[in-house]
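Now for the letters of each chain:
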Amino acid sequence: MAQKRKSGFQISYVTITYRSVLIAILGLAALVSLVLYLIFPVAGNLVINSAQASFMKALTKVGLGGTASGNTVEPGPQQAHFTNIDGTVRVKKASSNTWVQADYTLALERNDVIQTSPEGIAKVVFTDGTNYTVKPDSLIVIRENFLNAAQQTQVAVQVTTGTVDLATANIGPGSKSQVMVADATTSIASESSAEFFNDPTNDQHAILIKRGTGEVSRGEENLKLSANDKVTFTDEAKEMTKTKEISAPFLIGPSPNQQVSLTPDQGVTFYWSDVPSIKAYHVSISRNQFFTPASLVFDKNVTGSQVVLKDLAMGTYYWEVRSISDTGKDSAESLRSKFILVPKGTDNNSIVLELSDLVQNGHSIMVKGRTEVGARIMVNGQEAVVKSDGTFTYFTGTLPTGENLITVTAQNAKGGVNTKQQSVAIQ
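Since the structure is predicted, the reported quantities are computational estimates derived from the model, not experimental observations.

Engineer: Is there a simple way to explain the overall build of the protein chain in this structure?
Structural biologist: The secondary structure content of the protein chain amounts to two helices and 33 strands. For the protein chain, buried positions account for 41% of its 427 residues. Long-range contacts, defined as pairs at least 24 residues apart, comprise 54% of the intrachain contacts of the protein chain with a sequence gap of at least 6. Here the protein chain has roughly 23,200 Å² of accessible surface; of this, 53% comes from carbon and sulfur atoms.

Engineer: Looking at this structure, how should I read the nonpolar core?
Structural biologist: In summary, soluble globular proteins display a tendency toward joint burial of nonpolar side chains. One finds Phe82, Leu108, Ile114, Phe126, Tyr132, Phe196 and Val216 to be the most contacted residues of the largest nonpolar core, which totals 36 residues. Considering each element in turn, this core owes the most residues, five residues, to strand S9 (residues 153-167). Within the second largest apolar cluster, 22 residues are counted, among which are Val275, Leu309, Leu312 and Leu341.

Engineer: I would appreciate a short explanation of the pattern of salt bridges in the present structure.
Structural biologist: Working definition: two side chains of opposite charge can pair if their charged atoms are close together. In total, this model carries 19 salt bridges according to the counting rule given. The salt bridge involving Lys93 is made with Asp112; its shortest N-O contact spans 2.7 Å. Residue Lys93 is found in the loop between strand S3 (89-92) and strand S4 (99-101), and its partner Asp112 is found in the loop between S4 and strand S5 (113-116); the two are separated by 19 residues along the sequence. Comparing Lys93 with Asp112 shows no difference in burial state: the two are buried. Glu333 is the partner of Lys210 in a salt bridge, and the nearest nitrogen-oxygen pair spans 4.0 Å. Of this pair, Lys210 sits in strand S13 (residues 204-211) while Glu333 sits in the loop between strand S24 (315-324) and strand S25 (337-343), and the two are 123 residues apart along the sequence. Across the pair, Glu333 and Lys210 agree in class, each one buried. By sharing partners, the salt bridges in this structure join Lys135, Asp165, Glu195, Lys210, Arg322 and Glu333 into a single network.

Engineer: Honestly, the packing of aromatic side chains in this entry has me stumped. Any pointers?
Structural biologist: Aromatic rings considered in pairs are described by the distance between their centres and by the relative angle of their planes. For the coordinates displayed, the defined rule picks out six aromatic pairs. Relative to Trp319, the ring of Phe270 lies with its centre 5.1 Å away and its plane at 70°, an arrangement referred to as edge-to-face. Within this pair, whereas Phe270 is found in strand S20 (residues 268-272), its partner Trp319 is found in strand S24, the two being separated by 49 residues in sequence. When the centroid spacing of 6.4 Å and the interplanar angle of 55° are considered together, the rings of Trp272 and Trp319 count as tilted. Of this pair, Trp272 sits in strand S20 while Trp319 sits in strand S24; the two residues are 47 residues apart in sequence, bridging distant segments of the chain. For Trp272, a relative accessible area of 3% corresponds to the buried category.

Parameters and conventions
Residues numbered from 1 in each chain as written. Predicted model: local features only at pLDDT ≥ 70, side-chain atom pairs only at ≥ 80, totals over all residues. Heavy atoms only, no water. Helix = DSSP H or I, 4+ residues; strand = E, 2+ residues; numbered from the N terminus. Buried < 20%, exposed > 50% of the residue type's maximum accessible area, 1.4 Å probe, protein only. Contact = heavy atoms within 4.5 Å. Areas by Shrake-Rupley, 256 points an atom, 1.4 Å probe, with all protein chains shown as cover. Core = buried A, V, L, I, M, F, W, Y, C linked by side-chain atoms within 4.5 Å. Salt bridge = Lys/Arg side-chain N within 4 Å of Asp/Glu carboxyl O. Phe/Tyr/Trp six-rings, centres within 6.5 Å; stacked < 30°, edge-to-face > 60°.

Here it is in structure tokens:
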């Protein structure tokens, strides 16, 4: 008996994956390269060498390659990058005699010069994860930024004039992070922070270890430094002077980059750790990170380890605290903290947050994206600078080997929040 024919159309199809397409393209490219090499050996070799890196990256993306080339940094000279630029900041490349305006796409290399104006400030991150804050009216020179075959880093910066703060990450064995002030060289240990001051006009030079340890060498003199140790010297002095400074308090709340809801009845509570044997604290709260007189909304001595302010307007604030001894001597300022004040009860409507593919450079990740104009961007708890068109670029510090989660949060002044996460494997 004949079978009944089914009505309707029957469609047959074959699924073609991106991986199959890529394999076919790579196979065709390999065949063309082989023919080119047989006919023109020299030109063919150049084409093959230049394409090899691109092919390996493509294979890795679809899971056909081995270890991604971005997972380990190639030995040799490295690049540093700006993570924050405020005010006027200029750069003079080692290969040029012309000053250019700093921007986030400008790579910083050996012997490049960075200069901040009296109302300019810049933050720079190096391959080893060390973060430099170049304060207003300062000039520094990158003397070294190198990685050897054993993945050991050598970072050295010369403070020509002005003030520079730095914080080191977990520097591996054999790696060095050094700062030169006049004829003294300071080596900073892992997980340490320090401040360097150089005023060649008035022959004043100072080095302060705020946290961790370091060692300063000048001529045949070597001094080991711990937290709150300060070294001062002049060009003519044969020896350096070492003193123990008063500890600065540790800021507790508002926590760094926290979004605080404004409660008119209760206000905002600022609190910090107690420092033994001091009589007061000097609290400074500013609308910008330059702490100019016009930007200060609070700048007073207080007793106790907290103060409550009720009349703050919405917006972004920076604050710092100094300890004051019985003799009236001030400590260095605490680490500056930043927070944003928003109205209480604002609806957390989602705002625009678009992320590009993460770009890996060794143990650091470049995060790029777009949000609404005027919004704030936080990457793993650290603020990224949003340009006037809403785009942003942020370089993370050194990430540990293994799986890492990159969390990006966008916030606006109305309380809108949008958070996205991406994981990245560091090998």
